[in-house]
Amino acid sequence: MHDYQRAFVEFAIGHDVLRFGSFTLKSGRTSPYFFNAGGFDTGARLAGLGRFYAAAITERAPAFDVLLGPAYKGIPIAAATAVQLAEAHDRDVPWSFNRKEAKDHGEGGVVVGAPLRGRVLLVDDVITSGKAIREVVPIVEDAGAELAGIVVAVDRQERGTGELSAVDEVRRDLGVPVEAIVTFDHVIEYLEESGRHDEHLQAARAYRDQYGA
Ligand SMILES: O=P(O)(O)OC[C@H]1O[C@H](OP(=O)(O)OP(=O)(O)O)[C@H](O)[C@@H]1O
Ligand SMILES: O=C(O)c1cc(=O)[nH]c(=O)[nH]1
């Protein structure tokens, strides 16, 4: 695990964004941990989140023309990341987000912000089954743009429909790179190193055995 990954896990636990307990996921699975990006709920916390994404994008993302944050939780992530790319990396990139329900008055449509054109980089919080990410692809394609890649905070490393992880299935099916700031393995490694979370560690290992790729 790199220092920035340890720092990210600490940052998320410190703000109660990464929590341990019993949580029902969109997939219906009961998970012993949950990443609630909505918990970055002050300006400074959101700026901190944006710094992690902007650094990951600068180091690892493919070339892109527009940053897209899927509704809902991808929206503040895309905004905070665009701000940090401009402030700390001297890159003033266009960014936009989608509405979950199309608007038929005013500017109309489902995309708000910069028009989707060229290569589009998706930023979202978490990939579990990959369903949420796949649902955004038609929005990119309908705009005549091309998906460049995907960057998330957490790759939960859960099995997809077969033996591959959901993220590997997304890579294979969409043919684009998927980068995560941290994976579930990093979270487990952090729990092991910290020695303070033994009960969570047992539950996390059991969950990885059951659902991990
Ligand atoms: O990989 P998946 O199995 O699809 O699950 C992960 C996604 O599910 C949640 O979003 P949700 O669809 O609940 O939307 P939200 O951003 O409005 O909370 C979460 O924010 C991830 O984006
Ligand atoms: O799979 C999900 O629904 C999910 C997992 C997680 O850790 N965080 C989240 O917001 N959604």
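Residues numbered from 1 in each chain as written. Chains lettered and ligands numbered in written order. Predicted model: local features only at pLDDT ≥ 70, side-chain atom pairs only at ≥ 80, totals over all residues. Heavy atoms only, no water.

As recorded by an unreviewed UniProt entry, the protein carries the name Orotate phosphoribosyltransferase and is attributed to Aeromicrobium erythreum. Among the UniProt annotations of the protein, the heading Sequence similarities (unreviewed entry) holds the following wording: "Belongs to the purine/pyrimidine phosphoribosyltransferase family. PyrE subfamily." What UniProt states about the protein under its Catalytic activity (unreviewed entry) heading is, verbatim, "orotidine 5'-phosphate + diphosphate = orotate + 5-phospho-alpha-D-ribose 1-diphosphate". (UniProt positions renumbered as here; feature names shortened; annotations may be inferred.)

Asks: Would you mind going over the site of ligand 1 with me for this structure?
Replies: Every one of the 14 residues lining ligand 1 counts as a neighbour, but K73, D125, S129, G130 and A132 are closest to it. A distance of 3.1 Å separates an oxygen atom of ligand 1 from a polar backbone atom of Y72. At 2.9 Å from an oxygen atom of ligand 1 is found a main-chain nitrogen or oxygen belonging to T128. With the chains in place, 81% of the 500 Å² that ligand 1 exposes on its own is no longer accessible. Contributing elements (two or more residues each) for the shell around ligand 1: β6 (119-127) and α4 (131-142). If you tally residues by element for the shell around ligand 1, the top one is β6, at four residues. Residues of the shell around ligand 1, tallied by class, amount to five nonpolar, three polar and six charged. (Near = heavy atom within 4 Å. Polar contact = N/O pair within 3.5 Å; in protein donor to acceptor, adjacent residues only side chain to side chain. Areas by Shrake-Rupley, 256 points an atom, 1.4 Å probe, with all protein chains shown as cover. Helix = DSSP H or I, 4+ residues; strand = E, 2+ residues; numbered from the N terminus. Nonpolar A, V, L, I, M, F, W, Y, C, P; charged D, E, K, R; others polar.)

Asks: I'm lost on helix α5 (residues 166-174) in this one. Help?
Replies: One turn of the α-helix equals 3.6 residues, which is why residues spaced by three or four share an orientation. Residues A166, V167, E169 and V170 constitute the buried set of α5. Down the axis of α5, the buried set is contained in an arc of 155°. They therefore lie on one face. Next to the buried residues of α5 lie β6, α4, β7 (146-155) and β8 (178-183). Following α5 by one or two positions, G175 adopts a phi angle in the positive range, close to 65°. (Buried < 20%, exposed > 50% of the residue type's maximum accessible area, 1.4 Å probe, protein only. Arc of directions from axis to C-beta. Contact = heavy atoms within 4.5 Å.)

Asks: I keep staring at the site of ligand 2 and nothing clicks. Help me out?
Replies: The environment of ligand 2 is formed by L25, K26, F34, F35, K73, D125, V126, T128 and R156. In the environment of ligand 2, a nitrogen atom lies 2.8 Å from a nitrogen or oxygen atom belonging to the backbone of F35. Between ligand 2 and T128, the relevant distance is 2.6 Å, taken from an oxygen atom to a side-chain nitrogen or oxygen of the residue. Contact with the protein chains removes 89% of the 290 Å² of surface that ligand 2 exposes when unbound. Contributions of two or more residues to the shell around ligand 2 are made by β2 (30-35) and β6. Here the residues of the shell around ligand 2 are counted per class, giving four nonpolar, one polar and four charged.

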